[in-house]
Amino acid sequence: MKSAYRRLARRMTFTALVVTLIPLYLLGAGIYMYFSVIQEAQVRAELRNLALNRLNAIQLFLDERTSMLEVLAYSSNCHRLTDANRLEDVFQLLNRRSSSFIDLGVIGSEGRHLDYVGPYPLVDINYSSSTWFQQTMLRGVYISDVFLGFRGTPHFVVAVKHPAGEHSWILRATIDSDVFTRLVRSAQLGERGDAYIVNSRGLYQTPPRFGGKVMEETGLDMARVPRGVNVVERAGADGKQLLTAFAWLPTKDWLLVIDQNPGEVLGPLNMAREVELAVLILATLLIAVTVLFLVRL
């Protein structure tokens, strides 16, 4: 008789535990998966909105500087700008409106610097073989990639052509890299977050927060980055997973990259998972003790 009672007790215990614990575990898993999907989608949406916001700010920054030079180039003539201290006055006026110009120069149709205001001895230098000069003469407006040039330091320029046939000339300004870098880095999030610009050849145009320098290879396969704004998961240089937003500038072949540590933004979800596991373990113990007590009774 005792063995029969023991078998009955085991069957009752097993049945009671299965009936009570399986629904509890299924409910817990379902709740966690639901909130996990919702929060991950929200994080991706927030990162995408941040990328769009910074992309528009960067594009506006470049458009404003280009427009200022265009207005100046089309409302002046070469002789007036190169007379006396006229270019110096214009340069001070530009920086009063926006302190992001390092220098300003007037370049003739043959590539020679006719007049220059700035910290480098660039007057009379000939730019006829420079890529930015050739592209400006061809397109009319040109924003260069970061390059070394005659000054030997990384910089990029905005150049506008005043069309006048054989007497065409170019107004060129160098943009302060620190101002531009601060604008890009305002998109950084958290302790491991990063934000930087990459050109179509995969070279840094602004310095990243962790490793790498301007004009160095990023290791990104640019051919595989689709146009528009995209949020993907990828492995960082240290092998850890990152949530990354890629956003191409609409008028310049530059890619804005914003890296975010998923662990930092998904911290509340991880905490909720730990709390849920603790509750499940406690509930399992209480149910098991109760079932064993009732069955024994």
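Structure's up top.
Residues numbered from 1 in each chain as written. Predicted model: local features only at pLDDT ≥ 70, side-chain atom pairs only at ≥ 80, totals over all residues. Heavy atoms only, no water.

**Focus: the pattern of salt bridges**
It is possible for side chains bearing opposite charge to pair when their charged atoms get close. Definition in use: When a carboxyl oxygen of Asp or Glu lies within 4 Å of a side-chain nitrogen of Lys or Arg, that pair is called a salt bridge. A run of H or I in DSSP becomes a helix once it reaches four residues, and a run of E becomes a strand once it reaches two; helices and strands are each numbered from the N terminus.
Using the criterion set out here, one finds 6 salt bridges in the structure. Taking the shortest distance from any N to any O, the salt bridge between Asp259 and Arg234 comes out at 3.1 Å. Here Asp259, found in strand 9 (residues 254-260), pairs with Arg234, found in strand 7 (residues 229-235); they are 25 residues apart in sequence, far enough to count as distant.

**Here's the deal with a nonpolar patch on the surface**
Applicable threshold: Patches here are clusters of residues that have more than 30% relative accessible area and form no salt bridge, with a 9 Å joining cutoff for like charges and a 5 Å cutoff for nonpolar side chains (Val, Leu, Ile, Met, Phe, Trp, Tyr). Each accessible area is a Shrake-Rupley result for a 1.4 Å probe, and residues are judged covered by the shown protein chains and nothing else.
Judged by side-chain polarity, Leu27, Ile31, Tyr34, Phe35 and Ile38 come together as a nonpolar surface patch covering roughly 520 Å² of accessible area. Within the fold, Phe35 resides in helix 1 (residues 2-74).

**Looking at helix 5 (residues 177-185)**
Note the threshold: Categorising residues by exposure relies on relative accessible area from a 1.4 Å probe, with only protein chains included: less than 20% of the type maximum marks a residue as buried, more than 50% marks it as exposed, and the intermediate range marks it as partly exposed. Between two residues, a contact is recorded if the distance between any of their heavy atoms is within 4.5 Å. Two N or O atoms count as a polar contact when they lie within 3.5 Å, although within protein this holds only if one can serve as hydrogen donor and the other as acceptor, and sequence-adjacent residues are included solely when both atoms are side-chain atoms.
Taken together, the buried positions of helix 5 are occupied by Val179, Phe180, Thr181, Leu183 and Val184. Looking at the buried residues of helix 5, the elements they touch are helix 1, strand 6 (194-199) and strand 9. The opening residue of helix 5 is Asp176, an N-cap whose side-chain oxygen sits 3.0 Å from the backbone nitrogen of Asp178.

**A short note on the packing of helix 1 against helix 5**
Test applied: Angles shown run from 0 to 180 degrees and are taken between the N-to-C directions of axes, each axis being a line fitted to C-alpha atoms and, for helices, limited to the stretch in contact. The labels follow the angle: roughly parallel below 35 degrees, roughly antiparallel above 145, roughly perpendicular from 65 to 115, and oblique for the rest. Handedness of a crossing is defined here by the sense of rotation of the near helix relative to the far one, left-handed for an anticlockwise turn of less than a right angle and right-handed for a clockwise turn. The nonpolar class holds Ala, Val, Leu, Ile, Met, Phe, Trp, Tyr, Cys and Pro. Asp, Glu, Lys and Arg form the charged class, and all remaining residues, Gly among them, are polar.
Where helix 1 contacts helix 5, the axes come no closer than 9 Å and their chain directions differ by 160°. Taken together, helix 1 and helix 5 sit at an angle that is classed as roughly antiparallel. In terms of crossing hand, the pair formed by helix 1 and helix 5 is right-handed. The residues of helix 5 that touch helix 1, namely those facing Arg54, Ala57, Ile58, Phe61 and Leu62, are Val179, Phe180, Leu183 and Val184. Residue composition of the contact of helix 1 with helix 5, by class: 8 nonpolar, no polar and 1 charged.

**Considerations on the sheet that holds strand 7**
As a reminder of what qualifies: Two strands form a pair only when DSSP identifies at least two bridges running between them.
Reading across the sheet, the 4 strands line up as 6-9-8-7 and stay open at both edges, with antiparallel pairing between neighbours. Every interior strand has two partners, whereas the edge strands, strand 6 and strand 7, have only one. Each neighbouring strand pair of the sheet contributes to a mean axis angle of 25°, computed without reference to strand direction. Inspection of the sheet shows strand 8 (residues 241-248) paired to strand 9 by 6 bridges, in the antiparallel sense.

**Brief notes about the nonpolar core**
Operational definition: Side-chain atoms within 4.5 Å are what join buried Ala, Val, Leu, Ile, Met, Phe, Trp, Tyr and Cys residues into a set we call a nonpolar core.
By size, the foremost hydrophobic cluster in this structure holds 47 residues, and its most contacted members are Ile58, Leu62, Leu104, Leu171, Phe180 and Ile258. Ranked by residue count, the leading element in this core is helix 1, at 12 residues. Once residues within four sequence positions are removed from consideration, Ile58 is found in contact with Phe180, Leu183, Val184, Ile197, Leu249 and Leu256. Of all hydrophobic cores here, the second largest spans 11 residues; its members include Tyr116, Tyr127, Trp132 and Ala159.

**Quick word on the sheet that holds strand 3 (residues 141-143)**
Read from one edge to the other, the open sheet built from 5 strands follows the order 2-1-5-4-3, with strand pairing classed as antiparallel. Since the sheet does not close on itself, it has two edges, and those belong to strand 2 (113-117) and strand 3, each with one partner. The sheet shows a mean angle of 15° between the axes of neighbouring strands, taken without regard to direction. Pairing of strand 1 (residues 101-108) with strand 2 involves 4 bridges; the strand directions are antiparallel. Note on strand 2: the bridge partner recorded for Gly105 is Tyr116. Its contacts with the sheet place helix 4 (residues 131-139) against strand 1, strand 3, strand 4 (157-162) and strand 5 (169-175), and it is angled at close to 145° to strand 3.

**Quick notes on the packing of aromatic side chains**
Condition: What counts as a ring pair is set by centres within 6.5 Å for rings of Phe, Tyr and Trp (its six-membered ring), and what kind of pair is set by the plane angle: stacked under 30 degrees, edge-to-face over 60, tilted for all other angles. A ring has a charge above it when a Lys NZ or an Arg CZ is no more than 6 Å from the ring centre and no more than 35 degrees off the ring normal.
All chains considered together, the criterion is met by 7 aromatic pairs. Taking 5.6 Å as the distance between ring centres and 40° as the angle between the ring planes, the aromatic pair formed by Phe61 and Phe180 counts as tilted. On the criterion of sequence distance, the pair formed by Phe61 in helix 1 and Phe180 in helix 5 is long-range, its members being 119 residues apart. Classification of Phe61 by relative accessible area gives buried; the value is 8%. Since its relative accessible area comes to 1%, Phe180 is described here as buried. Cluster of aromatic residues (ring-pair linked, three or more members): Phe61, Phe156, Phe180 and Trp254. Directly above the ring of Phe61 sits Arg65, whose terminal nitrogen or CZ lies 3.9 Å from the centroid. The ring of Trp248 carries Arg227 above its face, with NZ or CZ at 3.9 Å from the centroid.

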